[in-house]
Every structure is written in structure tokens, then in C-alpha cells.
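One letter stands for each residue in the lines below.
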Amino acid sequence: MFSTPRTAEFLERRALQSQTGQVAAKFGDVVIKELLDNALDAAESAGVRPEVGLTVAWRDGLVFVTVTDNGPGMPAEVIDRILDFTCNVSDKESLRSPTRGMQGNAFKTILGIPGALEVTAPVVVEARGLRHELTASRDLAGGVATRHTQTPSARTTGTSVTVPLPAELVAEGTLVTTPRRVKLVTAESAVGWVEKYALANPHARMKVDHAQNQSEQGVGIYEPTAPEGWRKPWPTDPTSAHHYDQAAMAKLVFGHIREHQRGGIDLPLRKFTETFAGLTGSIKAKQVAAALPGITRLSDFTDKPEQIAVLLETMKAHSKPPKPSYLGQISRDHYIHVLDGAFGVEEAWFSRQQLTDHAGIPWSIEVTVARTSRPGSLTFAVNHAATFDDPLAQTALAGDGFTTTGARAFLARCDGAPGYGNQFLRAVVVHLVCPVPQFTDKGKTVLSVPPEVAEACGTALKATTKKLLKDKLSRQKAEGARQRAEDAHHRAELAQIRKAERDFKAATETPAARVPRKMTKKEAVFAVMAQAIAQARGDQGLSFSSHTLYYKIRPLALNLLPSGAKLSAKYVEQTLLPAWEREHGLIQGLYREPRGTLHHPHDPAGARDLRLGTREVKRYIPPSRTFNKILVVEKTGLWPPIHESRIADKYDMAVITTEGYGTEACRDLLARMPAGDVKIFVLHDADPYGYNIARTLGEETARMPHHRVEVIDLGLTVDDAHAKGLESEPDTRDSALPARIVPHLTELAHRWFTGKACDWHENTGDPTRWLYQRVELNAFSSPELIAYIEEGLARHGATGKVIPPADELRDMAVMGLRVRVDAAVTRAVDEMHAKELLADTVLAGLDVDQITNISPDDIAHHLAAHPHRDWPMAVMAHVTDNLHHRPPLYDLARQAITAQQTDNSD
């Protein structure tokens, strides 16, 4: 047996992707972001105004990313600890403070990324007069091998870190000169990251030196705008006891104890207490200690962990909770100053919301939205650190008359986000500050926020996009009016053309030219129906599918129709067969083939999947108390991500996947669900067919005139697709819009679906094809699709689980208890009576050779007499026959048990 150290995961690409939450192609972003975070924290820890520089240079197929700061300089002993890949090194672990979030193993990932990408050049750290060259690689046994060399360095102030990466991870930009300064505008991350950090840190001087080649450099400098004395919480500021719950305080205390066990200081309780805001005085520390007799040092909690609750409550009682204002405030002028230099601000809106949530945690939300003269960007930040993406991506945000998931979608809905519709002439900053950010992803981007914080975020976003949304709606209204006028004019022209053609035809046509009426397709099919049914059923009277019946109808009916006539399976099976059954009654033996599947929740292997055919649905008995909602999805291809996300289990929801319109079997199944007990939802593409699918699931149709089920349409609607920035695509339709969906279309959906006529009938002049816009559900990424479904369920109050009444709960509990008792009894009997030995005893008393003497001829004769059996069944039948004249096996087993009990008692 061999074991491979888990430390090697810092040098594996896949493991690093998991740790950082970013794909390997974004490892350049990971390095730049972490180095900038560390540099700003280092300077703030030293109590100086941060001066941070980023240099990016390409040579020899590599890109070298260097970040410098003016902090105290990284000590050599810290670098030695960083090279120990068996533990994480952090000066912020377990602390709850509104400082920049770190990965917790940040520098180890920075050391591991070059090795994982097969870069052999070292990571270079210069600080306190020393140059450290660091490499980490896999050894031959799969562990981590590190190399650390030290030489003198001229750097005595701050720290410089250089990380080598493959050249393609940081692309070269384009140098642009503006009247105010030399600025590098690039589509890649290096300069973009510095710009984002400058937006979130008004007290810092940020410099970027982007060397595109050996003869040219681009330099951008962001000077601080915050006045002297401007404050935000520094990394060295005392944290507040009011930011902790019992579990968090226990983690902090035992983190100190762990360091003591490794040779560190065993902190006295009073000294530990004095590290918290409002408790720095010796008097309060003494009062806290008095409430904990027998605890003098933190190590005393090892035997009394329950006293941590007393410690926390006492610390809170002797200190005041911090107000949201302590989180710091960045001025509107600073945000606009940086955005103006980057994109040219023409008009801007700013909002700040500060509050304390129900858990007593303070929050600050600052949003700036600008209309720009040059293409802008979206900047998201948490605790003065830029994030990889939208921190509110999983948060429901309420606007005026709409709800979106995420700030990005909210901004897109209000024309606040840069996009095609506004030529990307928008720039946005969304900055959240909180001492206890709860991240839901490895990349520490997406936050889980309380409802009151979500409401405050929505308020800030509404305030900053109000004018843009109003302008957008006005444009849409004007465009809609223009489109309707254009459509009316076009229809009038077509009407005139048709009238002229009809007048000409009436004036020139003679009675002899009129063609006698011929049999319609419906009349021909109905005329041969009885004969076709008899052929499909056959002499044995077997069942037959609608498609089989179509193949019997087609040749018979075509003999009655003009030469060249065609008869489609869709028309016969979906229109004419239901029409025949309405007039003549159900066709005995006819079934519809399965099209679609019902997936049950809490069925990971799909053992209870039901194929949706008429026979299968007729036999189906819905399981009791298993699901209280059904989601019908018009695409079978979307089942894997829905299944993997376990959303069906989370909401006790069955899922039906189909291809297009719901079949008769599907609608029969929905109609059988108990009204009020099971809510039915539908998810479809944003196109006319998708909208009609949602309608036909619940309403009567020609095929099912008495069908009516309450169905809730979750979308995808055109307005949702547009608000979420999903990419639309052109398509053509060769039939009119379904009449029943037209009254329910919004202005935007009506404009999209109507489209433009692109082909006309050569005789009548009527349009025969239209070019229109649509969006498929597949335009969502898989996580976005799941979030959209959850958003819809929440909107309709359908997030509850199945909970039976008390008597059913007790019956289930009794059953569960009985199962466990039976299992215990079986186990006890097996252990007491040696089941295998008992079986051997019974076999020893039988003539095994005679009982199992079965030849191939015996099996052949048996199968000839019983053709529906297989050979294993035939063998078992012979064994049963050969045992028939012997003592029952049950009696033999009881005798063996009695004998074994006698032996045991002896």
C-alpha cells in the first residue's frame, strides 16, 4: 500500500482550479488579484498610504507578473513557513473583519501555479535586503519538492513578488494616448485589475507598467483621491466580538491553541480580550475574565470548551456593536474620477445604502452607474478587493415591476450594463463591504446575503438606473409604435394587392375553368379508417401504435386522392386520429408511443423513470407523498444538469422532459394529478412554439377538447431573456402566430415574434415566411438555468417540501423502526447460528449429484413445452421437480438449527 501526499494538489492543474474556483486559462487573473490583495494588505498593516505597482513583461515565451508594495517587507521566516505545504499560513484565518478576502492558501497557489503549468522559472520574492528564489515541483513519488535560494537584494522597503507564467495567460494590450495621461487600454486583465482596485481603494496610489515590447512601455498611474485621515478598517484594527457567533469564536480560540501547541505563545485570557474593539482597556478585560473563573489562558478552554459561549456573551455585554459607518465610505467623486479617466463619463448616478442585518452584522453597499463616451466595463468588489464576477449572482433583486437574479442581470434589464444595445457605453461599480462575507464558491466571489441586504442592494441599483430604465422604456415604446405603424401600412398594401388580384380573377375566370370539388385528405382518411385498423390489429388482435396505423392508412387514402398528393404522419396522428375518435369512439388497441419521460425526485439512479406513452400512463399510479410539484421541460437534453444539481430533490419536484409539444399521454398524466396538491410548471424556449407549448399543456385543444389543467408558466419569456442579457438568434416561421398566445404577448415579445415577412405567395401576395427573433433555454449556462428555475419557483411560492400529516408520519416511523428491528434480529440470528454452516449442513444431507444432474436434452424438452421461459428458469424448474419426493428443505433447515443449538449448549 502506498500513499501520495495531498500537498501535491498545489501542483495539479485540476486541484488548483478547484481551490481557486477559476479555470486554468484564468490563472493569470488569480495571480494578479492575489498579489494586489497581499500588497494592499501589507501596506495597510504598516499604517502607511499604500503605493502598489504592477509590472507585466514578456520574454522567452513567458510573462513575468511583478507586484510591489511599500509595506514592512515579508520576513524570511514567513517565507520558510509558506514553503511548508502541509499547512496553510495566514494572518487573517478565523478573524471576522471587513478586510480583503483571501483564499486562505493564496501564496501556496501562487507557488504551485507555475509548476502546474510546467514553468520552471522561479517565483522571486525580494524584501528586507534578501532575494528569495522559490520553486515547487512534483517529486518522483508524487509529493512536493521545494527549492529555496537566498542572495542579497537592494530592496529594503516593502516587498516585490514576481511570478512567471505562460505568455498567453496575460495578453498584450494596445497603447492609447489621452489628453489627461498616458493610459493603456486592453481587453485582458492586467490593467483592468489595477483599474478595478483603484476604484475600490481611494487612499492608494496604483501604478501599472505594461511592457509590450523591448522598445515601448505603457504606464498608467492612479493617484489617491481620499484626504489624509480617510479611514477604512485596516487589517491591524481590532475586530468586534459582535461579528462572531459561538462557532466562529471557538474556531478563533482553538486556532490560537493550535499555534501554542506548535510552539507559539499561550495567550492570557485578558490579553486575548484586549485584541477586540471596545475591550482594549484593562478594566473591561478584567471584567470579562471575572466571568470565567478557572480560565486564565486560552489553553484552559481545551478542557472547558463550553465556556466559550460565556466568553462571547460577556465580551458582547461589555462592548458596543459597531455601526455601519465604521466600514468606511468611498465618495461619489472618487468613483466618477476613475471612471472618467478610463471611459469618459457623460452622466453618472450614485447610491449608498448602509444597514445592520438581523444577525447584527453591518453592511455597506455602494453603486455607481455611468453613461460613457467610450466602451466601459463592470466592476464588482467586496471589502475593497475586486472580485472575479458578480457577488450577487445568486441573489434575487427586486426592481420596479420585475425581479432578477444577480446585479449583472438587474443592470442589463435597466440598460445599465455595457452591451450591444447601448454600444457598451456604460460603466458600473458595485462595491459591498461586510465583516462577515459568506461566500458560496471557491473563488470567493458569490455571496449569500440576508433578505434585508438583498433589499438594500435592490434599492441602490434602482436609484442608479432609474433614469436609464425610463429612457429605455421610452425608446421601446416609440419603437413599438413605429413598428406597429409600419406593420399596419404593410398590411394595407397587401390587402390592396389581394383585392386587385381577386377582382381580376373574378372578371377573367369562366365557368368552364372552375375545377370540380375533390375529396379532402380528411374525407379520404376517414373512408379507409376501418380497413386500416383491421390491417394494423391483425388476426391475433394485438395492440398497435398510432405510427403503425398511419402506415396502413397512407397507401389506402392516397389511392383516393389526386396524383402527387402527400399525407404526413404528423397530420394523421395528431389531427385526424383524435378527430376520428371524437366522432366514432376510442380505437381499441391503439396506443401512442412514448415521447418524454417523468423523472421522480429522490431517485438518483432513475429506477422509477416513467416513459410517457398512453399505455404507460394508464398503468401509472402516482406515489403517495413523494412530490408536490411537476416541472415540464420542453427539452430532454436539459435533464442532465437538472439531475446533477438535485433541484428536483431540493423542492420535492418531479420533472417531465419532452421534445416540443406535450403529448396526449403527458397531458393525461397532468390531468390525473390531484388539483391543489400538485402544482404544475412549464419551462420552454422564448419563441412562439414555446409559448404555445405552455398554453396547450393546460388548455383544451382540438385533440383534447375537454382537457383543462392549471399550469404555471415559468418562462423562458422574451422579457426575461432580454433582461438577463441572453443572446437571441434569428429564425423563420412559415405559419401565423398561434392566435391564443397573441393577447398574452408583451410589446417586446410581439415585436420579436412578428418579425419581418421575407417570402410571399406568388399568386395571393400573402406572406408565407417570416424572419423573427428567439432565445433557446440552452442560451443559459447550466448554473444560470438552475438559478432561473429556482427564481421562478420562489416567485410563485412553490419552495415548500412534502410533509404528511401526523398519523402518516407515525406510520412511517413505526415502519422504519420495524425495518431496523428486523435487520437487527436477522444479524443476531446470523451471528448466533452461523448461517453458512447451517446451509452446508442441509446440503450435506441431500443427494446433490442426483438433484443437479440435468442434461441439455432435459432443458430442450422443457423449453419446447414452455416456449416463453428461458434456460435459467428451466433449470430451476428441474431442480424443484427433483426435490419434490424428498423431505421439505424447511424441515431440514429446522433440524440443522436445533442440532447447532444443542452443540452450542454443550
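What you see is a predicted model, and the numbers here were worked out from it, not measured in a lab.

**A short note on the sheet that holds strand β21 (residues 610-611)**
Read across the open sheet, the six strands follow the order β21-β20-β23-β22-β24-β25; overall the sheet is mixed. The sheet is open, and its two borders are formed by β21 and β25 (711-715), each paired with just one other strand. With five bridges joining them, strand β22 (residues 629-633) and strand β24 (residues 679-683) adopt parallel strand pairing. What sits directly across from Leu631, in β24, is Phe681.

**Examining unusual backbone geometry**
Going from Gly715 to Leu716, the amide bond is cis rather than trans, its omega being 15 degrees. Along the chain, Leu716 falls in the loop between β25 and α21 (718-723). Positive phi outside glycine occurs at Glu118, with the angle close to 60 degrees. Among the structural elements, Glu118 can be located in the loop between α4 (106-116) and β3 (123-127). Phi at Gln423 is positive, roughly 55 degrees, even though this residue is not glycine. Residue placement: Gln423 occurs in the loop between α11 (407-413) and β17 (426-433).

**With respect to the pattern of salt bridges**
In the structure shown here, the tally under the stated rule is 29 salt bridges. With its nearest N and O atoms 3.2 Å apart, the salt bridge here joins Glu228 to Arg49. With Glu228 in the loop between β10 (216-222) and α6 (246-261) and Arg49 in the loop between α2 (27-45) and β1 (51-59), this pair connects stretches of sequence that are 179 residues apart. Overall, Arg49 belongs to the partly exposed group, its relative accessible area being 29%. Here the salt bridges share partners, and the residues they tie into one network are Lys635, Asp685, Asp687, Glu729, Asp731, Arg774 and Glu776.

**A few points about the pairing of β24**
With respect to burial, β24 is a largely interior element, four of its five residues being buried. In terms of strand pairing, β24 meets β25 through four bridges, oriented parallel. For Phe681, the partnering residue across the bridge sits in β25 and is Ile712.

**Let's talk about empty space enclosed by the protein**
Applying the stated criterion across every chain yields a total of two cavities of 30 Å³ or more. Space inside the second largest cavity adds up to approximately 30 Å³. Together, Gly328, Gln329, Ile330, Ser364, Glu366, His384, His431 and Val433 line the second largest cavity. When residues of the lining of the second largest cavity are traced back to their parent elements, those giving at least two are β12 (362-372) and β17. Its residues assigned to classes, the lining of the second largest cavity comprises two nonpolar, five polar and one charged.

**Comments concerning the environment of Thr636**
Following the sequence through the fold, Thr636 ends up in the loop between β22 and α17 (639-645). Here Thr636 falls in the partly exposed class, since its relative accessible area comes to 33%. As a C-alpha pair, Thr636 and Thr597 span 39 residues in sequence and 8.2 Å in three-dimensional space.

**Structural notes on the sheet that holds strand β11 (residues 345-356)**
As summarised here, the arrangement of the five strands in space is β11-β12-β17-β13-β14, forming an open sheet in which the pairing is mixed. Of all the strands in the sheet, just β11 and β14 (385-386) have a single pairing partner and so form its edges. In this sheet, β12 lies alongside β11 in antiparallel orientation, the contact comprising 11 bridges. Opposite Ala348, over in β12, you have Ala370 as the bridge partner. Sitting on the sheet, helix α10 (residues 332-343) touches β11, β12 and β17, and the angle it makes with β11 is about 145 degrees.

**Some words on the side chain of His243**
Its location among the elements puts His243 in the loop between β10 and α6. At 2.9 Å, the side chain of His243 and the side chain of Tyr326 are in polar contact. Ignoring sequence-local partners within four residues, the contact set of His243 consists of Arg96, Pro322, Tyr326, Ile361, Pro362, Pro435 and Val436.

**Points about helix α8 (residues 282-290)**
For α8, the full list of buried residues reads Ala285, Val288 and Ala289. Along the long axis of α8, the arc covered by the buried residues comes to 100 degrees, so they all point the same way. Along α8, exposed side chains directed more than 90 degrees from the buried face belong to Ile283, Lys286 and Ala290.

**Description of the packing of aromatic side chains**
Taken as a whole and judged by the stated rule, the model has 11 aromatic pairs. Here Tyr335 and Phe350 contribute two aromatic rings whose centre-to-centre distance is 6.0 Å and whose plane-to-plane angle is 35 degrees, an arrangement assigned as tilted. Of this pair, Tyr335 sits in helix α10 while Phe350 sits in strand β11, placing them 15 residues apart in sequence. Centroid distance Phe526 to Trp580: 5.4 Å. Interplanar angle 90 degrees. Geometry classified as edge-to-face. Residue Phe526 is found in helix α13 (residues 521-537), and its partner Trp580 is found in helix α15 (residues 569-584); the two are separated by 54 residues along the sequence. In this structure, Phe526 and Trp580 share a single accessibility class: buried. Of the aromatic side chains, those joined through ring pairs into one cluster are Trp193, Tyr197 and Phe388. Lying across the ring of Phe64, Arg59 places its NZ or CZ 4.0 Å from the centre.

**Structural notes on the side chain of His431**
Within the fold, His431 resides in strand β17. Excluding residues that lie within four positions of it along the chain, His431 makes contacts with Ala200, Ile330, Tyr335, Ser364, Ile365, Glu366, Ala381, Val382, Asn383 and His384.

**Focus on the pairing of β17**
One face of the sheet, then the other: side chains in a regular strand alternate in exactly this way. With eight of eight residues buried, β17 is to be regarded as a mostly interior element. The two faces of β17 match: Arg426, Val428, Val430 and Leu432 on one face and Ala427, Val429, His431 and Val433 on the other face are all buried. As defined by bridge partners, β12 adjoins β17 across eight bridges and the pair is classed as antiparallel. From the neighbouring strand, Val367 faces β17, where its bridge partner is Val430. Note that strand β13 (residues 378-382) and β17 share five bridges and pair parallel.

**Observations regarding the packing of α13 against α15**
Between α13 and α15, the least distance of the axes is 11 Å, while the angle of their chain directions is 75 degrees. It follows that α13 is roughly perpendicular to α15 by the angle criterion. Packed against α13, whose contacting residues are Lys521, Lys522, Val525, Phe526, Met529 and Ile533, the element α15 presents Tyr571, Leu576, Leu577, Ala579, Trp580 and Glu583 at the interface. Residue composition of the contact of α13 with α15, by class: nine nonpolar, no polar and three charged.

**Re the confidence of the model for the chain**
Across the chain, the average pLDDT comes to 82, with 87% of residues at 70 or higher. For the stretch residues 173-188, pLDDT sits under 50, and the model shows 39 contacts to residues farther than four places along the chain or on other chains. Taken as a whole, residues 213-217 scores under 50 in pLDDT and shows six contacts with residues more than four places along the chain or in a different chain.

**So, the nonpolar core**
Formed by 67 residues in total, the largest nonpolar core has its most connected members in Leu54 and Met206. Looking at this core element by element, the count peaks at eight residues for α2. Residues within four places of Leu54 in sequence aside, it is in contact with Ile32, Val65, Thr66, Val67, Ala190, Val194, Lys207, Val208 and Asp209. Core analysis: the second largest hydrophobic core is formed by 37 residues, Val718, Leu745, Val775 and Leu793 among them.

**Structural notes on the packing of helix α14 (residues 546-558) against α15**
Running from N to C, α14 and α15 cross one another at 110 degrees; their axes reach a closest spacing of 10 Å. Comparing the axis directions of α14 and α15 gives the class roughly perpendicular. From α14, Ser546, His547, Leu549, Tyr550 and Ile553 reach across to α15, where they touch Ala569, Val572, Glu573 and Leu577. Residue composition of the contact of α14 with α15, grouped by class: six nonpolar, two polar and one charged.

Thresholds applied
Residues numbered from 1 in each chain as written. Predicted model: local features only at pLDDT ≥ 70, side-chain atom pairs only at ≥ 80, totals over all residues. Heavy atoms only, no water. Pairing = 2+ DSSP bridges. Helix = DSSP H or I, 4+ residues; strand = E, 2+ residues; numbered from the N terminus. Salt bridge = Lys/Arg side-chain N within 4 Å of Asp/Glu carboxyl O. Buried < 20%, exposed > 50% of the residue type's maximum accessible area, 1.4 Å probe, protein only. 1 Å grid on protein atoms, 1.4 Å probe; cavity = no way out; pocket = protein on both sides within 12 Å on 5 of 7 lines; lining within 4 Å. Points joined across faces, edges and corners; volume = space filled by probe spheres on them. Nonpolar A, V, L, I, M, F, W, Y, C, P; charged D, E, K, R; others polar. Contact = heavy atoms within 4.5 Å. Axes fitted to C-alpha atoms, helices over the stretch in contact; angles between N-to-C directions. Polar contact = N/O pair within 3.5 Å; in protein donor to acceptor, adjacent residues only side chain to side chain. Arc of directions from axis to C-beta. Phe/Tyr/Trp six-rings, centres within 6.5 Å; stacked < 30°, edge-to-face > 60°. Lys NZ or Arg CZ within 6 Å of the ring centre and 35° of its normal. Parallel < 35°, antiparallel > 145°, perpendicular 65-115°, else oblique. pLDDT = per-residue confidence, 0-100. Core = buried A, V, L, I, M, F, W, Y, C linked by side-chain atoms within 4.5 Å.

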